[in-house]
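Secondary and tertiary structure notes
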Amino acid sequence: MKKPAFLAGALLCAFTAQAAHAAPPAALAVSDCWIRAMPPNLPSSGYFVVTNSGDKPASLTGAETPAFGMAMLHKSESNGSTATMSHVDAAEVPAHGTLRFAPKGYHLMLETPGKPLKIGSTIPLSLTFADQSTITTNCAVKPASALGN
């Protein structure tokens, strides 16, 4: 009788640990998400704000959306008359601070669109953090000429 109770307890602990691990930390929130509608077969970009009200920094490590085959974290930087864009493995959200993905800075590079995006619609976006937690939000689709919210 002790063995089944032990196994049941172990399974419950494992399930609880996995569920807690996948849940987003209460300290993190995502807002102001939007994506540029680009002509078919062209990559697009996504923008949002992650707010961290917790005492520890968080590390954003990935993103995905069913609207695109690939979503990568990128950062644009200007140095005089030269602008560069590069892939980044992670972006830090400071404790009691915000991380902004905005034009001419951090952004999502969204490639291989599944179908043309309709301006005014929304698409889901899931953000993944270093602790394997995720936050899912909806992003407004805006015209290619949009500069922000």
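Residues numbered from 1 in each chain as written. Predicted model: local features only at pLDDT ≥ 70, side-chain atom pairs only at ≥ 80, totals over all residues. Heavy atoms only, no water.

1. Considerations on the overall build of the protein
How we decide: Numbering of helices and strands runs from the N terminus; a helix is a DSSP stretch of H or I covering at least four residues, while a strand is a stretch of E covering at least two. When a residue's accessible area, from a 1.4 Å probe over protein chains only, is under 20% of the maximum for its type it is buried; when over 50% it is exposed; and in between it is partly exposed. Any two residues whose heavy atoms approach within 4.5 Å at even a single point are treated as in contact. With residues, only the protein chains shown are counted as cover, and all accessible areas are computed by Shrake-Rupley using a 1.4 Å probe.
Within the protein, the regular secondary structure consists of 1 helix and 10 strands. When its helices and strands are written in sequence order, the protein yields α-β-β-β-β-β-β-β-β-β-β. For the protein, with 149 residues in total, the buried portion stands at 35%. Long-range pairs, those at least 24 residues apart, make up 67% of the contacts in the protein between residues at least 6 apart in sequence. Summed over all atoms, the accessible surface of the protein reaches about 8900 Å², with 61% contributed by carbon and sulfur.

2. Regarding the state of the cysteines
What we call a disulfide is simply a covalent bond connecting the sulfur atoms of a pair of cysteines. Which entries qualify depends on this criterion: A pair of sulfur atoms, both from cysteines and within 2.5 Å, is called a disulfide here.
If you walk through the whole model with that rule in mind, you get 1 disulfide. Each sulfur in the disulfide pair Cys-33 and Cys-139 lies 2.0 Å from the other. Handedness here is read from the sign of the S-S torsion; for Cys-33 and Cys-139, about 65°, the answer is right-handed. Of this pair, Cys-33 sits in strand β1 (residues 28-36) while Cys-139 is found in strand β10 (residues 134-142), placing the two residues 106 residues apart along the sequence. Of the two residues, Cys-33 and Cys-139, neither departs from the other in class, the shared state being buried.

3. Points about the pattern of salt bridges
Where we set the bar: When a carboxyl oxygen of Asp or Glu lies within 4 Å of a side-chain nitrogen of Lys or Arg, that pair is called a salt bridge.
Taken as a whole, this structure holds 1 salt bridge when the rule is applied. Close ionic contact of Glu-77 with Lys-75 constitutes a salt bridge, the shortest N to O distance being 4.0 Å. On the accessibility criterion, Lys-75 (27% relative accessible area) is partly exposed.

4. Examining the nonpolar core
Inclusion rule: Residues enter a nonpolar core if they are buried and are Ala, Val, Leu, Ile, Met, Phe, Trp, Tyr or Cys, with the set joined through side-chain atoms within 4.5 Å.
Core analysis: the biggest nonpolar cluster contains 29 residues, and Phe-48, Leu-127 and Phe-129 have the highest contact counts within it. Discounting residues that sit within four places of it in the chain, Phe-129 has contacts with Leu-28, Val-50, Ala-58, Ser-59, Leu-60, Thr-61, Val-93 and Ile-135.

5. A look at the side chain of Ser-45
Cut-off, in case you're wondering: For this analysis, a polar contact is any N or O atom pair within 3.5 Å, provided that within protein one partner can donate a hydrogen and the other can accept it, and provided that sequence-adjacent residues contribute only side-chain to side-chain pairs.
Assignment of secondary structure puts Ser-45 in strand β2 (residues 44-52). Looking at Ser-45, its side chain comes within polar contact range of the side chain of Tyr-47, at 2.7 Å. Those residues within four positions of Ser-45 in sequence are excluded, and the remaining contacts are Trp-34, Ile-35, Arg-36, His-107, Leu-108 and Leu-110.

6. Let's talk about the pairing of β1
As a reminder of what qualifies: Note: two strands are recorded as paired if DSSP finds a minimum of 2 bridges between them.
Judged from the 6 bridges that link them, β1 and β2 form a sheet pairing that is antiparallel. From the neighbouring strand, Trp-34 faces β2, where its bridge partner is Tyr-47. Taken together, the 3 bridges between β1 and β10 define a ladder with parallel strand orientation. Bridge pairing in β10 links Ile-35 to Val-141.

7. Remarks on the environment of Pro-116
Among the structural elements, Pro-116 can be located in the loop between β8 (106-113) and β9 (122-129). The exposure class assigned to Pro-116 is exposed, which follows from its relative accessible area of 58%. Residues Pro-116 and Met-38, spaced 78 residues apart in sequence, show a C-alpha to C-alpha distance of 7.8 Å.

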